[in-house]
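Listed below are the residues making up each chain.
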Amino acid sequence: MPRQTLITLLLLTLGSISLLGQNGPEKSPEKGATVHATGPFDVKIAAQDDKLSDGISRMLLDKQYHGDLEGSSKGQMLATGSAKSSGVYVAIETFTGTLQGKPGGFALHHTGIMTKGGPSLTISVVPDSGTGQLSGISGKMTINIAPDGKHSYDFEYSLPKTD
C-alpha cells in the first residue's frame, strides 16, 4: 500500500472513532465544571517538501472551527506507517478565537495509533497553553468524520474556578 494512501487511511480511521459522549453544549458553564462544545470544522492538509527520505511524512494543518469554537488553528503533523495497516501520527495545533464566546487560545496535542487496523486517538489540551479568557483550560477533543467527509469535533473541557 503506498505511504500516502496508508496515512490517509490512518487519519480517516482514527478521526472517525468517538471517545466522548455527545452531550449538547452548555452555554453558561460554571467555572471548574466540565463542559461540552461541539461543531463542524474545515481542515486543509498540505504535505511539506521532505528532503530527508526517512519514512516520516510531514504535513501542515490549517483549520477553521465553527460552532462553539469559532476561530482558526495552524499546526504541524508527523506520520508514518507500515504496509500492514498500522501507523502513527502526532500533531500540534494552536487555536485562536473564541470558545463559547470567551476569547483566547490554546494548543492541542494529537497522538493517533493504529495497530493492524485497531485505532486509538487522543487529542488533549497542552497544559498551561491557554491565553486570554481561556487561561488554565484543560480538556480532550474527539474528531468525527462523517461518511461524506465532513469533519466535526466534540470538545470536553474545563476552566479553573475563580472566586
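As shown above, the structure is provided for reference.
Please read all numbers here as calculations on a predicted model, not as lab measurements.

Draft legend 1. The arrangement of unusual backbone geometry in detail. With a phi angle near 45 degrees, Gln100 is a residue other than glycine that sits in the positive phi range. One can find Gln100 in the loop between strand 4 (87–99) and strand 5 (102–115). For Asp128, which is not glycine, the phi torsion reads 60 degrees and is therefore positive. Take Asp128: it is sitting in the loop between strand 6 (118–125) and strand 7 (131–132). Judged by relative accessible area, which is 77%, Asp128 ranks as exposed.

Draft legend 2. Quick look at the pattern of salt bridges. Summed over the entire model, instances satisfying the criterion amount to three salt bridges. Residue Asp62 is joined to Lys74 by a salt bridge in which the shortest nitrogen-to-oxygen separation is 3.1 Å. Taken together, the residues Asp62 in strand 2 (residues 57–65) and Lys74 in strand 3 (residues 69–81) connect sequence positions twelve residues apart. Judged by relative accessible area, Asp62 falls into the partly exposed class, the value being 24%. Between Glu93 and Lys63 there is a salt bridge, and its shortest N-O distance comes to 2.8 Å. Linking Glu93 in strand 4 with Lys63 in strand 2, this pair joins segments that are 30 residues apart in sequence. The class of Lys63 is buried, set by a relative accessible area of 5%.

Draft legend 3. Examining the pairing of strand 8 (residues 138–145) more closely. The element strand 8 is largely enclosed, with a buried count of six among its eight residues. As paired strands, strand 8 and strand 9 (residues 151–158) are joined by eight bridges and run antiparallel to one another. By the bridge assignment, Ile145 is partnered in strand 9 with His151. Where strand 8 folds back onto strand 9 in an antiparallel hairpin, the turn is made up of five residues, including Gly149, whose phi is positive at roughly 90 degrees.

Draft legend 4. Up close: the packing of aromatic side chains. Enumeration according to the criterion identifies six aromatic pairs in this entry. Ring geometry for Tyr65 and Phe95: centres 5.6 Å apart, planes at 85 degrees, overall edge-to-face. Remark: Phe95 occurs in strand 4 and Tyr65 occurs in strand 2; sequence separation between them is 30 residues. For the residue pair Tyr65 and Phe95, the accessibility class agrees, reading buried in each case. What links up through ring pairs into an aromatic cluster is the set Phe41, Tyr65, Phe95, Phe106, Tyr153, Phe155 and Tyr157.

Draft legend 5. Layout of the pairing of strand 2. Pairing of strand 1 (residues 35–47) with strand 2, which is carried by seven bridges, proceeds in the antiparallel orientation. For Asp42, the partnering residue across the bridge sits in strand 2 and is Gln64. Pairing geometry for strand 2 and strand 3, over nine bridges, is antiparallel. Residue pairing across strands places Lys63 opposite Ser73, the latter belonging to strand 3.

Draft legend 6. Focus on the side chain of Ser124. Looking at the element boundaries, Ser124 is found in strand 6. The class for Ser124 is buried, based on a relative accessible area of 18%. Here the side chain of Ser124 touches Lys140 through a polar contact of 3.4 Å, side chain to side chain. Setting aside chain neighbours within four positions, we find Ser124 in contact with Ala107, Leu108, His109, Gly139 and Lys140.

What counts and how
Residues numbered from 1 in each chain as written. Predicted model: local features only at pLDDT ≥ 70, side-chain atom pairs only at ≥ 80, totals over all residues. Heavy atoms only, no water. Helix = DSSP H or I, 4+ residues; strand = E, 2+ residues; numbered from the N terminus. Buried < 20%, exposed > 50% of the residue type's maximum accessible area, 1.4 Å probe, protein only. Salt bridge = Lys/Arg side-chain N within 4 Å of Asp/Glu carboxyl O. Pairing = 2+ DSSP bridges. Phe/Tyr/Trp six-rings, centres within 6.5 Å; stacked < 30°, edge-to-face > 60°. Polar contact = N/O pair within 3.5 Å; in protein donor to acceptor, adjacent residues only side chain to side chain. Contact = heavy atoms within 4.5 Å.

Everything listed is a geometric property; what it means functionally is a separate question.
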